[in-house]
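Okay, here's what each chain looks like letter by letter:
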Amino acid sequence: MLMEQRVYKSNALIESSYRLGIMEQRLVLSCIAQVRRDEKEVTDEVLYKVTASELAELSGGRIENIYSKLKEASLKLLDRKIWIKGEPNGKGEKSKVMVTRWVQTVTYNDNLGEVELRFGKDVLPYISQLKSHFTSYKLKDIGCMDSAHAVRLFELLIQYRDIGQRDIDLDELKEQMQLQDKYAKTAELKRWVIDPAIKQINKHTSLKASYTQRKAGRKIVAFIFSFKEKKEKINEVIDQLPQEQPKKALKSQSEADKLARPGEEYSQLFARLKREGYALKFKPSY
């Protein structure tokens with residue numbers, strides 16, 4: 001089931017600068033959730049399909065409304081640019097900012113209400129074969145949101161789920177959301193972007209979030225977001241974790257992968273397994 005799948009994104013991609021509409025977000029994230037993490041090589045030849053019925057189930061919307069918006073969103077997505085400053089897997093900053101596109105090909109069938117996307121070659125390293133410095137979350141967390149800003153803010157927060165707080169400079173946040181030329185007054189940014197996004201995050205996702213602001217003199221220069229997992233979501237995650245079992249030697253990385261917790265990077269996984277008494281009889285890949 002599509003809505004039970006997880007989205008995996010490089011942190012460099014989460015922190016990049018782009019702007020998508022809400023239907024474009026649902027569409028591209030639904031395709032990212034289909035990218036196989038266990039494939040040795042993911043090429044840009046693969047087309048990922050999403051149907052109107054799947055998006056209606058994900059968002060809780062009326063399927064006839066999805067039909068009318070799916071083709072439009074896919075064609076807009078074809079033209080959307082993304083500014084990326086970092087390398088995937090924690091390999092540092094790029095020497096130059098890379099400007100690329102999310103997808104290189106779109107196919108659609110109006111009668112069947114389905115769209116297929118082929119990701120751009122430059123984007124694939126940020127959504128596949130991720131070994132470190134990545135973030136994951138359930139696709140259904142963003143399904144019912146109707147604000148693309150809420151999706152963007154949720155990703156920026158969930159990236160710091162182990163810390164529970166994230167400070168974001170005002171100018172950096174506007175750049176990441178491609179709002180440099182909008183909301184000259186910070187009060188307007190709060191009213192039309194941040195406050196509605198926090199409201200939707202609290203209503204629809206696994207997080208409970210709030211924020212304060214930092215000033216330099218009388219000017220607001222940054223926002224300090226605080227958040228934590230909702231209790232029912234914590235219990236849901238615990239229920240999904242492997243049950244206590246006799247400790248044993250792990251002979252391959254695939255065996256270790258089965259013990260990974262949601263959103264856990266490889267470096268965190270291997271460190272935890274060693275603390276729990278597992279013997280790693282293979283060379284870990286970070």
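Relevant structure appears above.
An account of the accompanying structure is given in this report. In this text, all values refer to a predicted model and were calculated from it rather than measured experimentally.

1. What about the pattern of salt bridges?
Thought 1: Across all of its chains, the model carries twelve salt bridges by this definition.
Thought 2: Across the pair E15 and R166 runs a salt bridge, and its minimum N-O distance is 3.0 Å. On the criterion of sequence distance, the pair formed by E15 in the loop between helix 1 (11-14) and strand 2 (17-18) and R166 in strand 9 (residues 165-169) is long-range, its members being 151 residues apart.
Thought 3: A relative accessible area of 4% means that R166 is categorised as buried.
Thought 4: Here E87 and K94 are joined by a salt bridge, their closest N and O atoms 3.4 Å apart.
Thought 5: Judged by relative accessible area, E87 falls into the partly exposed class, the value being 29%.

2. Brief notes about the packing of aromatic side chains
Thought 1: With the rule as written, the count across this model stands at seven aromatic pairs.
Thought 2: Geometrically, the ring pair formed by Y8 and F134 is tilted, given 6.0 Å between the ring centres and 50° between the ring planes. With Y8 in strand 1 (residues 6-10) and F134 in strand 8 (residues 134-138), the pair connects residues that are 126 residues apart, well separated along the chain.
Thought 3: Here Y211 and F223 contribute two aromatic rings whose centre-to-centre distance is 5.7 Å and whose plane-to-plane angle is 80°, an arrangement assigned as edge-to-face. A residue pair is termed long-range when its members are at least 10 positions apart, and Y211 in strand 10 (residues 207-216) and F223 in strand 11 (residues 219-229) qualify at twelve residues. Neither residue differs from the other here; Y211 and F223 are each classed as buried.
Thought 4: In this structure an aromatic cluster arises from ring pairing among Y211, F223 and F225.
Thought 5: For R152, the ring lying beneath its charged end belongs to Y18, and the centroid distance is 3.9 Å.

3. Quick look at the environment of T43
Thought 1: For T43, the position within the fold is in the loop between helix 2 (22-32) and strand 3 (48-51).
Thought 2: Along the backbone, T43 and S128 are 85 residues apart, and their C-alpha atoms lie at a distance of 9.6 Å.

4. So, the sheet that holds strand 4 (residues 81-86)
Thought 1: Spatially, 2-4-5 is the arrangement adopted by the three strands of the open sheet, whose pairing is antiparallel. In the strand order of this sheet, the two ends are held by strand 2 and strand 5 (93-101), each with one partner.
Thought 2: Note: strand 4 against strand 5, five bridges, orientation antiparallel. Each residue of the ladder has a partner; that of I84, found in strand 5, is M98.

5. With respect to helix 3 (residues 52-59)
Thought 1: The set of residues buried in helix 3 consists of A52, L55, A56, L58 and S59. Mapping the buried residues of helix 3 onto a view down its axis gives an arc of 160°, with all of them on the same face.
Thought 2: Tucked inside the fold, the buried residues of helix 3 contact helix 2, strand 3, helix 4 (63-79) and helix 5 (140-143).
Thought 3: Looking one or two residues beyond helix 3, the residue adopting positive phi is G60, at roughly 75°.

So, how was this worked out
Residues numbered from 1 in each chain as written. Predicted model: local features only at pLDDT ≥ 70, side-chain atom pairs only at ≥ 80, totals over all residues. Heavy atoms only, no water. Salt bridge = Lys/Arg side-chain N within 4 Å of Asp/Glu carboxyl O. Helix = DSSP H or I, 4+ residues; strand = E, 2+ residues; numbered from the N terminus. Buried < 20%, exposed > 50% of the residue type's maximum accessible area, 1.4 Å probe, protein only. Phe/Tyr/Trp six-rings, centres within 6.5 Å; stacked < 30°, edge-to-face > 60°. Lys NZ or Arg CZ within 6 Å of the ring centre and 35° of its normal. Pairing = 2+ DSSP bridges. Arc of directions from axis to C-beta. Contact = heavy atoms within 4.5 Å.

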